[in-house]
Amino acid sequence: MGHPWIPNSVESVRREMLEVIGVGSVDDLYSDIPESLRLKPEEWDKLPIGFGRILSEPEIARHMEELFSKIESYRSPAPFMGGGVWPHHVPEAVKYVVSRGEFLTAYTPYQAEISQGLMQALFEYQSLVAELLEMEVVNGSMYDWSSALGEALLMAIRVNGRRKFLVPETMNPRHRRVAETYTWPHDGRLVSVKVDRRTGLLDLNDLESKVDGETAAVYIEYPAYTGVIEENAALIGDIAHRKGAIYIMGVEPISMAILKPPGSLGADIAVGEGQPLGLGLNYGGPCLGILAVKWDGELVKQMPGRIIGLTSTVDGVERAFAMILQTREQHIRRAKATSNITTNEALMAAAAAVYLSLLGRNGLVELAKHIWYKSHYAAKRLSSIEGIEAPLLEGEFIMDFTLRLPLEAERFRSFLKSRKIMAGIPLGGLAWFTSRDLLLTVTEVHSRNDIDRLVEVTGEAVRGV
Amino acid sequence: MEGYRQAVWREPVILELGLEGRGGFKIPELEREIVDSVGEFKLPESVSRREPPGLPSLSEVEVVRHFTRLSQMSYGVDLGPVPLGSCTMKYNPKIALKYAFDDRLSSLHPLQDQDTVQGLLELLYRLEQWLKAITGMDYCSVHPAAGAQGELAGALIIRKYHELRGNLGVKREIIVPDSAHGTNPATGSMAGFKVVEVPTGEDGNIDIEALKAAVGEETAGFMITNPSTLGLFEERILDVVEIIHGVDGLVYYDGANLNGIMGRARPGDAGVDILHLNLHKTFSAPHGGGGPGAGPVCVKDRVVTGSVRLRDLVPGFRIVYEESTGKYRLEGPGQHSVGLLRAWIGNVSQLVWAYVYIAVMGAKGLRESGEISVLNTNYFLAKVKRETTMYTVPYGGDRFRKHEAVVSAEKLRDETGVTAEDVAKGLLDSGFYAPTIYFPLIVKEALMVEFTESETKESIDAYVNRLKAIEEIALKDPGEPKKWPLNTSVGRIDYVKANHPKTVTPTWRVKVLRDKGLLGPLR
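Residues numbered from 1 in each chain as written. Chains lettered and ligands numbered in written order. Predicted model: local features only at pLDDT ≥ 70, side-chain atom pairs only at ≥ 80, totals over all residues.

**Looking at the overall build of chain B**
No. 1: Of regular secondary structure, chain B possesses 15 helices and 14 strands.
No. 2: Taking 523 residues into account, the globule formula puts the C-alpha radius of gyration at 24 Å, and chain B, at 26 Å, falls close to it.
No. 3: In terms of overall dimensions, chain B has C-alpha extents of about 80 × 70 × 50 Å along its principal axes.
No. 4: Buried residues in chain B amount to 61% of all 523 residues.
No. 5: Across chain B, contacts joining residues at least 24 apart in sequence account for 72% of those joining residues at least 6 apart. (Helix = DSSP H or I, 4+ residues; strand = E, 2+ residues; numbered from the N terminus. Rg over C-alpha atoms; globule rule 2.2 N^0.38 Å. Buried ≥ 20, exposed ≤ 12 C-beta atoms within 10 Å, placed from the backbone. Contact = placed C-beta atoms within 7 Å.)

Structure follows, in structure tokens:
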């Protein structure tokens, strides 16, 4: 029998095809590979790849179940952890749409006429995010928040020719590492701006003293890695613009439902993580990098990645969608392209479009408020435990918040894990945080019981000191 | 496929749909105790959103219908052949879908204790070992999110290599063949290098004399795709590697076309130093309409300087197996690593997909995949040569192809005015996806066809028959093909309007603001 995934592996078909080609065996088709490089089939077949033979479906299923039995997923309660990807409920309708073969097994829509549905879904992703951010141009996606940030910084270099980037000292340390990797070949320099230890807000005096004619961009997170909502977001933009620097805001999209959007705060570029919009955690990937700019030709010209646009058919009769502004991209511009990005996170963008459509204007606001309430409830209850400061930072927050424990954060985490709770990201090593500081996350997936249980076990951990 | 008609739904943009008050997802009710405990909802005035975002209000029914209709105006491997050259559009096995989209996986947080994800780390570790064996390399990392990011990883490793050796001031150039994918030169620039292109000879191999002339002290590295985008094996690969190594340059191998040699030769054996793979091409993970991908990067165990080796430069997290404890753990990027390219380990669900595929296939199954993909290509080419008159085969016309073949519609265009684009639209009309067109740039009116091992002989025959029918129509009535496609959800698209500063519409917001007179041309 032929292989289920290789229809022409049937011997008679193979022979017939070889005859048409005019060769005696498949070996002949490889005759231009230098002899010293050619592997004999029996040599190749002995390589340690797979399990030494072709597996049947029941066999691979058994093997995968065995591997998955060595995974402990925390669902009740879900991890009280964010830090760049957050636990949220993924509606079944989202999973259903992205499992459809017409989307899942499609390529990049190079042939527009047969790919209109896919392109419309991606255009809708761009459009829904544009509403959320109140920014006019959104691309079809980047890999994740961090790489979107890396590319946004490179955009700034291309626009104003400067090399210095001002970032908050408490910024997501993984995002910072990625931004450094992206800007390193272009002599980019990330410089930390102080963050107030009491409020968690950016120190505006320190910002003023550091922003200068060398500054390519000022970047803030909104909400910050610490969960704190930067109240001075508009002022920071003014300070950046006065020195001719580009203002980049990094956002978590669900909280945008209740926060003033970057477009109304003076942001030139917004980046962010679309994972909360119906993607699941997946141990950190795939994610969904959001990248948006305001209506400014200079910025749009420097954008990386694909953009889908609304147009019409040549006869002007029907609405149609197409990949637009492609002269920025690698397949046309080659070495002069704005980026090398090709494959992006299209399916995840489609998922986000479904998610945003399901929740809608009122649902998303309700969800953001729900999360605000639950995270405040958790912080308040935790603060009633003696020895705990929660939230550690006084600035208004949503979803994530910091706390200071009377014991080492790592020890605290182990104790909770022994009680089947996965909670918190230790903050030691970041800016002025200590090894007793923790970043905690609460979303709609955590019920009141889950939170009360977290508080109860935290009490035990603290009393056990 | 006779009688193909794609759905035509004339579906409004989602922002035009809905009715205030509807919703598609019920938010869990907030417990009274929580509200009582926290008190009134409030945010600082300066950051409080005044109006809810301009999203639509729709029920779940409407949302599911809308997107299902959109899916019917889309086309993937599950519907028919997608023989896009250099894209390796294989069938995406459903057993892999089951595990890649498993709830047990999607609920894992990347910072949860590594004790709790041993099964996943084991899977990823084993995947890296398999990729090593497949490519003949010494160390692989599953970190990069896509092929282009794998390339970036490679180019940054080249940069770091020369920096650590104190030569970065001199090593300013990356060389790429003119047949390379656009990502290669774009990657070179992104990694801060000057990009130099070398031409392809008549036989389809790199022009070795031109390469020798281009290579010098300033050569930091060379990016090669083998088989090339012409589907041809680079016969002088060993000479190329020697020339580059002769000036202390590193050879980077673009694994996009690995299917063409899989099971028969390994890039690592040819002496390449760094490569990336596209798991969403060669290893059956789906393309998802453009992503997500997964682009692991692999290196040889080569000395950089002192005790630093090439593997120490690789970005991302290292999966370590400790024999004493039988446990797997992750290590952050070390001091010589180029760093991180994305925040977390990799595109895990795509990695799981590729793992299932390789586990099922084993060495023998992968070899058979490679062989049948090559068989399919050459069968297709033999049929085109024999049964059509208007399609020619430039560059090494008598050589066997590997995973893909490039035919030119130049003669057809010259004699009838019908172009590669018209041919592509004619294929769409009969329910096939078109080939990659106008690439590689060195072939005029290029049609770049890659069937992969997933296509049946019957599909290939039907494809050739359609090409034949198109040339017959073109010869008889050259105006006809200009009207194609007729059977897709829309006809040909206005790209001038799509891109003009006065009409370019990247979001619905732009349309609405422009219609209200609130938005000028894009400048």
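Here the narrative resumes.
**Focus: the overall build of chain A**
No. 1: Along its length, chain A carries 15 helices and 12 strands.
No. 2: Taking the principal axes of the C-alpha coordinates as reference, chain A spans close to 80 × 55 × 50 Å.
No. 3: Taken across its 465 residues, chain A has 64% of its residues classed as buried.
No. 4: Of the contacts formed within chain A by residues at least 6 apart in sequence, a portion of 72% connects residues at least 24 apart.

**Focus on the sheet that holds strand β11 (residues 425-426) of chain A**
Residue and element names in this part refer to chain A.
No. 1: Spatially, the three strands line up as an open sheet ordered β10-β12-β11, and their pairing is antiparallel. Sheet topology places β10 (400-404) and β11 at the edges, where each strand pairs with a single neighbour.
No. 2: Alignment of β10 against strand β12 (residues 437-441), held across five bridges, turns out to be antiparallel. Across the sheet, residue F401 finds its bridge partner in β12, namely L440. (Pairing = 2+ DSSP bridges.)

**Observations regarding the interface of chain B and chain A**
No. 1: With 187 residues of chain B in contact, the opposing surface of chain A contributes 182 residues.
No. 2: Take the side of chain B that touches chain A: its biggest share by element is 25 residues, from helix α10 (residues 348-387) of chain B.
No. 3: Taken together, the residues of the side of chain B that touches chain A sort by class into 99 nonpolar, 56 polar and 32 charged. (Nonpolar A, V, L, I, M, F, W, Y, C, P; charged D, E, K, R; others polar.)

**Details of helix α15 (residues 508-515) of chain B**
The α-helix advances 3.6 residues per turn, and as a result positions three or four apart in sequence lie on the same side.
No. 1: Restricting attention to buried positions, one finds in α15(B) the residues W508(B), R509(B) and V510(B).
No. 2: Where α15(B) is buried, its residues touch α6 (116-133) of chain A.
No. 3: G517(B) sits one or two residues past α15(B) and shows a positive phi near 80 degrees.

**Details of the domain arrangement of chain B**
No. 1: Structurally, chain B comprises domain 1 (1-74), domain 2 (98-355), domain 3 (369-483) and domain 4 (493-523).
No. 2: One C-alpha centre belongs to domain 1 of chain B, the other to domain 3 of chain B, and the line joining them spans 43 Å. (Domains from an automatic or database assignment.)

**Topic: the confidence of the model for chain B**
No. 1: Chain-level statistics for chain B give a pLDDT mean of 96 and a share of 100% at 70 or above.
No. 2: Among the prediction metrics, the complex's ipTM stands at 0.97, with pTM recorded as 0.98. (pLDDT = per-residue confidence, 0-100.)

**Some words on the domain arrangement of chain A**
No. 1: Domain parsing of chain A yields domain 1 (7-68), domain 2 (92-354) and domain 3 (362-463).
No. 2: In this structure, domain 1 of chain A and domain 3 of chain A have C-alpha centres spaced 53 Å apart.

**As for the pairing of strand β4 (residues 219-225) of chain B**
All names here are of chain B.
No. 1: In terms of residue burial, β4 counts as a mostly covered element, since seven of its seven residues are buried.
No. 2: Pairing between β4 and strand β5 (residues 250-254): five bridges, direction parallel. Paired with M223 across the bridge in β5 is Y252.
No. 3: Read from β4 through helix α9 (residues 237-246) to β5, the crossover connection turns out right-handed. (Right-handed = clockwise from strand over helix to strand, strands pointing away.)

**What about the packing of helix α5 (residues 118-135) of chain B against α10(B)?**
Helix packing geometry: the angle between the two helix axes and the distance between the axes.
All names here are of chain B.
No. 1: Here α5 crosses α10 at 40 degrees, and the two axes come no closer than 10 Å. As judged from the angle between their axes, α5 and α10 are oblique. Considering only the axes of α5 and α10, their crossing is left-handed. Counted together, L123, L124, L127, W130 and I134 of α5 and L351, V352, A354, Y355, I358 and L366 of α10 form the full contact between these two elements.
No. 2: Broken down by class, the residue content of the contact of α5 with α10 amounts to 11 nonpolar, no polar and no charged. (Axes fitted to C-alpha atoms, helices over the stretch in contact; angles between N-to-C directions. Parallel < 35°, antiparallel > 145°, perpendicular 65-115°, else oblique. Left-handed = near helix turned anticlockwise from the far one by under 90°.)

**A closer look at the packing of helix α1 (residues 11-21) of chain A against α10(B)**
No. 1: Relative to each other, α1(A) and α10(B) sit at 45 degrees, their axes nearing to 8 Å. If you check the angle between α1(A) and α10(B), you find them oblique. Considering how the two elements wind past one another, α1(A) and α10(B) form a crossing that is left-handed. On α10(B), the residues touching R14(A), M17(A), V20(A) and I21(A) of α1(A) are L375(B), N378(B), Y379(B), A382(B) and K383(B).
No. 2: Of the residues assigned to the contact of α1(A) with α10(B), the class counts are six nonpolar, one polar and two charged.

**Description of the sheet that holds strand β14 (residues 446-449) of chain B**
Residues and elements named next belong to chain B.
No. 1: Judged by pairing direction, the sheet is antiparallel, and its three strands sit side by side in the order β12-β14-β13 without closing on themselves. Edge strands, defined here as strands with exactly one partner in the open sheet, are β12 (405-408) and β13 (436-437).
No. 2: Pairing of β13 with β14, which is carried by two bridges, proceeds in the antiparallel orientation. By the bridge assignment for β14, I437 is matched with L447.

**Topic: the environment of S69(A)**
Residues and elements named next belong to chain A.
No. 1: As for its placement among the helices and strands, S69 is situated in the loop between α3 (57-68) and α4 (92-99).
No. 2: When the 10 C-beta atoms within 10 Å are taken as the criterion, S69 is described as exposed.
No. 3: For the pair S69 and A431, spaced 362 residues apart in the sequence, the C-alpha separation amounts to 39 Å.

**Observations concerning the nonpolar core**
No. 1: Counting 339 residues, the largest nonpolar core has A292(A), A350(A), V354(A), I157(B), A354(B) and V356(B) as the members making the most contacts within it.
No. 2: Among the elements that line this core, the one with the most residues is helix α13 (residues 346-383) of chain A, at 24 residues.
No. 3: The residues touching I157(B), leaving out its near neighbours within four places in the chain, are I274(B), V299(B), L310(B), L313(B), V314(B) and V338(B). (Core = buried A, V, L, I, M, F, W, Y, C linked by C-beta atoms within 7 Å.)

**Observations concerning unusual backbone geometry**
No. 1: At the junction of Y222(A) and P223(A), the peptide bond is cis and its omega measures out at -5 degrees in the coordinates.
No. 2: For P223(A), the position within the fold is in the loop between β4 (215-222) and α10 (233-242).
No. 3: The omega torsion across G291(B) and P292(B) is 5 degrees, close enough to zero to call that bond cis.
No. 4: Although it is not a glycine, K420(A) sits at a positive phi angle of roughly 65 degrees.
No. 5: Even without being glycine, Y395(B) reaches a positive phi, approximately 60 degrees.
No. 6: By secondary structure assignment, the location of Y395(B) is in the loop between α10 and β12.

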